[in-house]
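Inside the fold
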Amino acid sequence: MSSSVISVISRFLEEYNSSTSTKLKVVDAYLLYILLTGALQFLYCLLVGTFPFNSFLSGFISCVGSFILAVCLRIQINPQNKAEFLSTSPERAFADFLFAHTVLHLVAINFVG
Amino acid sequence: MEASGSFLHAILNLSLLVFVLALEAQALTPSHYLVASDVDRLQAVLSQPFTDLKSAYFSVVGLSKLGVSVADSNDACSFIKANVDSSSIEALFYAAEASQAISSCEIHVSNETRDSLHAAVSEDSTVSQIHQAVSALSSLGLPLASQEVVSALKARISKEDNVVAITLALQTASRLSQQAELGEILEEIEDLAARLDDLGGVYLQFEEGLEATALFVSAAYALSDHVDMEPPLKEDQVIQLVNSIFSKKSWDSLSEAFSVASAAAALSNNRFHKPVVVSAVGPATVSHSHPLLQLHVTDVLCQPLSSANVLVESATSVASKAAILSQTPFTLRDGIFELNFMASKPASGYYQFSVAVTGDSRLVANHVELKVKVSTKVAINNMDLSVVDKDQSIGTKTTRVEYPNKGKASFIADSHQNFAMTFQLVDETTGVELTPHQTFVRLHNQKTGQEVVFVAEPDSKNLYKFELDTAERKTEFDSISGTYALYLMVGDATLENPVLWNVADVVLKFPDEEAPSTVQSKNLYVPKPEIQHLFREPEKRPPTVLSNTFTALVLSPFLLLLILWFKLGANISNFSFSPSSVLFHVGHAAMLGLMYVYWTHLNMFQTLKYLAIIGSLTFLAGNRMLAQKAVKRTHEH
């Protein structure tokens with residue numbers, strides 16, 4: 001049973017390494033970073049408690065928001081999805097990504113206290 | 001057949017009468033009215049020496065409305081003649097009206113003046129000017145064209161649609177000939193009455209104030225009397241107007257006092273409505289020493305209605321609902337209506353009187369409800385004091401004490417004995433038993449100043465009993481033995497002679513006497529212990545080591561990211577040093593720096609301001625840069 005899981009995972013990783021372009025891998029690395037940061041913040045909150053709650057929320061929501069925006073960017077710049085995003089060029093996607101991040105960070109900094 | 005018809009008719013009449021009586025019972029009576037001192041004050045205000053022609057007008061005409069003539073009429077007349085300015089319609093109005101109020105004072109006017117007065121009656125003058133001109137002409141005895149006045153007034157009313165103007169129009173119309181068509185102007189009374197504000201069902205007044213309301217009342221009745229048509233005011237409305245106009249007992253200005261005098265005169269002497277004011281002389285209390293119930297029955301100017309018949313329709317006891325009187329008349333003596341109520345031998349207490357004033361069809365609010373108190377003197381009979389043994393083995397010794405003497409010997413009661421007191425409270429004159437509201441027994445320790453009060457209760461035969469069980473009650477006394485002075489306190493609203501009687505001295509011996517603690521007088525006014533303010537404790541924080549560890553931990557994925565990117569071969573070799581890309585990166589870095597500064601120093605508004613500036617620069621640069629990149633990309637493919 002466990003061997004099949006391991007074989008599935010290794011197969012998946014192989015496919016991933018071969019079929020994804022470098023640009024997408026860069027974005028994926030960024031996604032992993034954001035994920036880890038958010039998870040560690042959540043772990044701290046579980047261990048120590050929610051004081052100060054607004055700071056925790058601000059940091060965590062910032063991570064979540066960044067993750068979502070990065071996922072959106074990845075979807076939009078993936079050449080395999082080009083058919084669905086005819087009007088959106090990768091540059092446009094990146095510009096949207098930056099703008100949304102500006103708003104997100106503004107709100108997060110406001111809330112962190 | 002006829003008999004049954006007439007029977008039905010009788011039943012209908014009776015039910016209608018009952019219905020009408022029931023309605024009348026709910027009618028409003030004046031709650032605010034002028035008493036004699038108020039009328040005198042009004043007269044005093046109006047009798048002030050004149051400062052100018054206008055104040056002379058208010059004083060002279062105001063006093064004449066109160067039925068009083070001005071102090072020195074010759075003086076007044078010469079003052080008026082000296083101050084009249086023939087070129088001013090207003091001055092002529094004041095002079096003419098004032099001179100007419102003074103007997104044998106006549107003002108002569110030239111033909112020119114008369115013509116100028118006639119000229120003032122036109123659609124181009126204000127209602128006030130028309131009123132003054134018409135009143136002056138009328139008071140001077142000069143002829144005027146009533147129909148012209150009516151048409152001028154009608155035209156002006158439609159232009160000046162305010163309360164004061166229409167009131168003046170009504171007043172003007174009352175000076176015109178009865179043959180003129182005053183119908184439309186008469187309808188204005190009803191329209192104006194609709195504009196009155198009803199305040200709580202008690203007051204009815206214009207929002208323009210007391211003066212406007214009072215002038216409206218006098219104008220409405222003047223015009224109604226003139227055309228002999230009842231004004232469209234309901235009885236309750238008349239009483240509400242009375243309440244509004246006479247609620248103010250001191251007046252700010254001469255014109256206000258004049259308007260009140262004018263309204264009072266109108267309400268006390270017109271053909272249709274005459275409000276009646278019924279009030280008791282002093283408190284409405286009768287007793288054996290004062291057996292007469294006296295009432296003032298007056299009009300609004302505090303003049304007694306000598307020709308009226310005042311009748312008690314019914315007088316019922318509030319407690320027992322028994323009717324004592326029915327249809328009993330009052331007798332008039334020296335302007336006061338009297339009734340000897342004690343002659344009906346009422347028991348002490350409160351009685352509800354329903355009084356009716358008849359004799360004039362114009363009377364308004366002539367059914368009044370009055371609460372009358374019958375008071376009496378109380379006598380204490382059969383005051384018996386005794387000390388009873390608890391096991392009743394030894395016979396009781398009863399001592400009788402007569403009011404107001406004090407019992408000679410002290411009574412001694414210890415824990416095996418009870419001290420008992422019985423007495424009766426009766427009406428001094430009739431001997432009827434009474435149960436006053438307050439019957440207290442007070443024991444006062446002379447030495448310690450302590451006092452304990454008990455209530456004496458009557459039994460079913462109205463015999464009052466008080467028993468003191470020494471053992472049971474020792475907590476009230478703090479177990480302090482000693483001599484206590486015994487007082488009986490009797491009081492009630494209907495008693496003329498409340499009683500505080502030191503009946504006897506009682507020596508109480510308590511078991512288990514503790515060390516006599518001084519009685520702590522409850523002093524409420526000493527400083528209380530100080531309360532220390534507890535500031536809000538700061539929240540508990542985790543240890544710094546833990547926080548620092550996690551800070552490092554949270555920042556560590558960034559390192560991982562850099563490593564991963566390095567491994568993937570991400571690089572910045574394609575970086576073109578075009579001005580737009582440089583500017584873009586600088587701007588972007590500035591925005592991130594701004595976020596940090598926002599966190600530490602700024603507020604939202606300042607941040608938004610800076611963000612707008614930096615953001616727009618970055619946007620333009622970025623747009624350019626990305627466009628260039630896009631062009632490069634499409635060229636490559």
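Owing to the predicted nature of the structure, the values given are computational and were not obtained by experimental measurement.

Conventions and cut-offs
The numbering scheme is per chain: residues are counted from 1 as the chain's sequence reads. A letter from A marks each chain and a number from 1 marks each ligand, given out in the order of writing. Given that this is a predicted model, residues contribute local features only at a pLDDT of at least 70 and side-chain atom pairs are listed and counted only at 80 or more, while totals for whole chains, interfaces and linings are drawn from all residues. Water and hydrogen atoms were dropped before computing side-chain values, which therefore reflect all heavy atoms in the structure. Helix and strand assignments come from DSSP, with helices taken as H or I runs of at least 4 residues and strands as E runs of at least 2, each series counted from the N terminus. Three exposure classes are used, based on accessible area relative to the maximum for each residue type with a 1.4 Å probe and protein chains only: buried under 20%, partly exposed in between, and exposed over 50%. Should any heavy atoms of two residues lie within 4.5 Å, those residues are considered in contact. For the area figures, the Shrake-Rupley method with a 1.4 Å probe applies, and any residue is considered shielded solely by the protein chains shown. Two parts lose some accessible area (1.4 Å probe) when they are put together, and adding that loss for both gives the buried area. Every case where a carboxyl oxygen of Asp or Glu lies within 4 Å of a side-chain nitrogen of Lys or Arg is listed as a salt bridge. Side-chain atoms alone can form a polar contact between residues adjacent in sequence; in general such a contact is a pair of N or O atoms within 3.5 Å, and within protein one must be able to donate a hydrogen while the other accepts it. When residue character is reported, Ala, Val, Leu, Ile, Met, Phe, Trp, Tyr, Cys and Pro are called nonpolar, Asp, Glu, Lys and Arg charged, and the others, Gly included, polar. One number per residue, pLDDT, summarises how confident the predictor is, and it ranges from 0 to 100. The pairing criterion for strands is at least two bridges between them, as found by DSSP. As a rule, the C-alpha atoms of each element are fitted with a line to give its axis, helices using only the stretch in contact, and angles between N-to-C directions run from 0 to 180 degrees. Patches in this entry comprise residues that are over 30% relatively accessible and not in a salt bridge; like charges within 9 Å are linked, as are nonpolar side chains (Val, Leu, Ile, Met, Phe, Trp, Tyr) within 5 Å. Counted as positive: Lys and Arg. Counted as negative: Asp and Glu, with His and the chain ends omitted from the count. A single reference atom marks each charge: NZ on Lys, CZ on Arg, CG on Asp, CD on Glu. Count a disulfide wherever a pair of cysteine sulfur atoms falls within 2.5 Å. Here, nonpolar core means buried Ala, Val, Leu, Ile, Met, Phe, Trp, Tyr and Cys residues that are tied together by side-chain atoms lying within 4.5 Å of each other. Note on aromatic contacts: the rings of Phe and Tyr and the six-membered ring of Trp form a pair at centre separations within 6.5 Å, being stacked when their planes are under 30 degrees apart, edge-to-face when over 60 apart, and tilted otherwise. UniProt positions are given in the numbering used here, feature names are shortened, and annotations may be inferred rather than shown by experiment. Multiplying 1.5 Å by the residue count of a helix minus one yields the expected span of that helix.

1. What about the overall build of chain B?
Within chain B, the regular secondary structure consists of 16 helices and 23 strands. Relative to its 637 residues, chain B shows a buried fraction of 41%. Taking all contacts inside chain B whose residues are at least 6 apart in sequence as the whole, residues at least 24 apart take part in 68%. As displayed, chain B has an accessible area near 35,500 Å², and 55% of this comes from carbon and sulfur atoms.

2. Looking at the interface of chain A and chain B
Counting from both sides, the interface comprises 29 residues of chain A and, opposite them, 32 residues of chain B. Together, the buried faces of chain A and chain B total about 2,700 Å²; carbon and sulfur atoms form 82% of this surface. Among the residues chain A hides against chain B, the three largest losses belong to Phe51, Glu91 and Leu106 of chain A. Together they make up 23% of the total. The tally of links between chain A and chain B comes to zero salt bridges. Here chain A is connected to chain B by two residue pairs in polar contact (both at pLDDT 80 or more). Secondary structure elements with two or more residues in the side of chain A that touches chain B: helix H2 (22–48) and helix H4 (90–112) of chain A. Among the elements that make up the side of chain A that touches chain B, the one with the highest residue count is H2 of chain A (15 residues). A per-class count over the side of chain A that touches chain B returns 19 nonpolar, eight polar and two charged.

3. Examining the confidence of the model for chain B
The predicted model of chain B averages 86 in pLDDT, with 94% of residues at 70 or higher. The complex prediction reports pTM at 0.62, with the ipTM value standing at 0.84.

4. Description of the sheet that holds strand E9 (residues 331–333) of chain B
Sheet strands associate in pairs through backbone hydrogen bonding, adopting either a parallel or an antiparallel arrangement. Residues and elements named next belong to chain B. Strand order in this open sheet of four strands is E4-E6-E10-E9, and the pairing throughout is antiparallel. Either end of the sheet is taken by a strand with one partner, and the two such strands are strand E4 (277–280) and E9. Pairs of neighbouring strands in the sheet enclose a mean axial angle of 35°, with direction left out of account. Note that strand E6 (residues 292–298) and strand E10 (residues 336–340) share four bridges and pair antiparallel. When the sheet's bridge partners are listed, Leu295 is paired in E10 with Phe337.

5. Quick word on the pairing of strand E8 (residues 323–329) of chain B
Residues and elements named next belong to chain B. Relative to E8, strand E7 (residues 309–317) runs antiparallel, the two sharing five bridges. Paired with Leu311 across the two strands is Pro329, which belongs to E8. Following E7, the chain reverses through five residues before pairing antiparallel with E8; Lys321 in that reversal takes a positive phi of roughly 60°.

6. Re a nonpolar patch on the surface
On the surface, Ile572, Phe575, Phe577, Val582 and Val586 of chain B cluster together into a nonpolar patch covering about 530 Å² of accessible area. As for its position among the elements, Phe575 of chain B is in the loop between helix H14 (544–568) and helix H15 (579–600).

7. So, the pairing of strand E13 (residues 367–374) of chain B
Side chains on a regular strand alternate between the two faces of the sheet. Residues and elements named next belong to chain B. A one-sided burial pattern is seen for E13, the buried positions being Val368, Leu370, Val372 and Val374 and the unburied ones His367, Glu369, Lys371 and Lys373. In this sheet, E13 lies alongside strand E5 (residues 285–286) in parallel orientation, the contact comprising two bridges. Paired with Val286 across the two strands is Val374, which belongs to E13. Pairing between strand E11 (residues 349–358) and E13: eight bridges, direction antiparallel. For Gly349, the partnering residue across the bridge sits in E13 and is Val374.

8. A short note on the pattern of salt bridges
As a working rule, side chains carrying opposite charge can pair if their charged atoms are close by. All names here are of chain B. By the definition in use, this model includes 18 salt bridges over all chains. Among the ionic pairs, Arg362 bridges to Asp360, the shortest N-O distance being 3.0 Å. The exposure class of Arg362 is buried, given its relative accessible area of 18%. By relative accessible area, which is 28% here, Asp360 ends up partly exposed. Among the salt bridges present, the one from Lys406 reaches Asp505, with a minimum N-O distance of 3.1 Å. Of this pair, Lys406 sits in the loop between strand E15 (397–401) and strand E16 (411–413) while Asp505 sits in strand E23 (residues 499–508), and the two are 99 residues apart along the sequence. A relative accessible area of 17% means that Asp505 is categorised as buried. A single network of salt bridges, built from pairs that share partners, joins Asp38, Arg41 and Lys249.

9. A closer look at the environment of Pro304 of chain B
Residues and elements named next belong to chain B. Looking at where Pro304 falls in the secondary structure, it is placed in the loop between E6 and E7. For the pair Pro304 and Ile336, spaced 32 residues apart in sequence, the C-alpha separation works out to 7.5 Å. Those residues within four positions of Pro304 in sequence are excluded, and the remaining contacts are Val297, Thr298 and Gly335.

10. What to know about a negative patch on the surface
Residue and element names in this part refer to chain B. Taken together, the side chains of Asp197, Asp198, Glu207 and Glu208 make up a negatively charged region of the molecular surface. When you line up the elements, Asp197 lands in strand E1 (residues 197–199). By relative accessible area, which is 30% here, Asp197 ends up partly exposed.

11. A look at the state of the cysteines
Residue and element names in this part refer to chain B. Under the criterion given, the structure shown has one disulfide over all chains. Each disulfide pairs two cysteine sulfurs, and for Cys77 the partner residue is Cys105, the sulfurs being separated by 1.8 Å. Because the sign of the S-S torsion sets the handedness, a value of about 95° for the bond joining Cys77 and Cys105 places this disulfide among the right-handed ones. Taken together, the residues span a long stretch of sequence, with Cys77 in helix H4 (residues 73–83) and Cys105 in the loop between helix H5 (89–101) and helix H6 (111–120) at a distance of 28 residues. For Cys77, a relative accessible area of 8% corresponds to the buried category.

12. Regarding the nonpolar core
For soluble globular proteins, the rule of thumb is that nonpolar side chains tend to be buried together. Residues and elements named next belong to chain B. Ranked by size, the top nonpolar core spans 85 residues in total, and within it Phe216 and Phe246 carry the most contacts. For Phe246, the residues in contact, after removing those within four places along its chain, are His32, Tyr33, Leu34, Val260, Ala264, Leu267 and Val300. Formed by 35 residues, the second largest nonpolar core is a distinct cluster that contains Phe411, Ala413, Tyr464 and Val503.

13. Digging into the confidence of the model for chain A
Mean pLDDT over chain A works out to 87, with 99% of the residues at or above the 70 mark. Considering each helix and strand of chain A separately, the mean pLDDT is smallest for helix H1 (residues 2–19) of chain A, with a value of 87, and largest for helix H3 (residues 53–77) of chain A, with 92.

14. Points about the packing of aromatic side chains
Residue and element names in this part refer to chain A. One pass over the structure, following the stated rule, counts 24 aromatic pairs over all chains. Measuring from ring centre to ring centre gives 6.1 Å for Phe94 and Phe97, while their planes differ by 25°; the resulting arrangement is stacked. In this pair, Phe94 and Phe97 both sit in helix H4, three residues apart, roughly one turn of the helix. What makes Phe97 buried here is its relative accessible area of 11%.

15. Examining the UniProt feature "transmembrane region" (unreviewed entry) in chain A
The sites that carry the UniProt feature "transmembrane region" (unreviewed entry) are, in the present numbering, residues 30–49, 55–73 and 93–112 of chain A. Counting secondary structure, residues 93–112 of chain A comes out at 100% helix and 0% strand; the distance between its end C-alpha atoms is 28 Å.

16. Focus: H4 of chain A
When the terminal C-alpha atoms of H4 of chain A are compared, their 32 Å separation across 23 residues agrees well with the 33 Å that a helix rising 1.5 Å per residue should span. Buried residues along H4 of chain A sit against H2 and H3 of chain A together with H15 and helix H16 (604–636) of chain B. Downstream of H4 of chain A by a residue or two, Gly113 of chain A has a phi angle that is positive, lying close to 80°.

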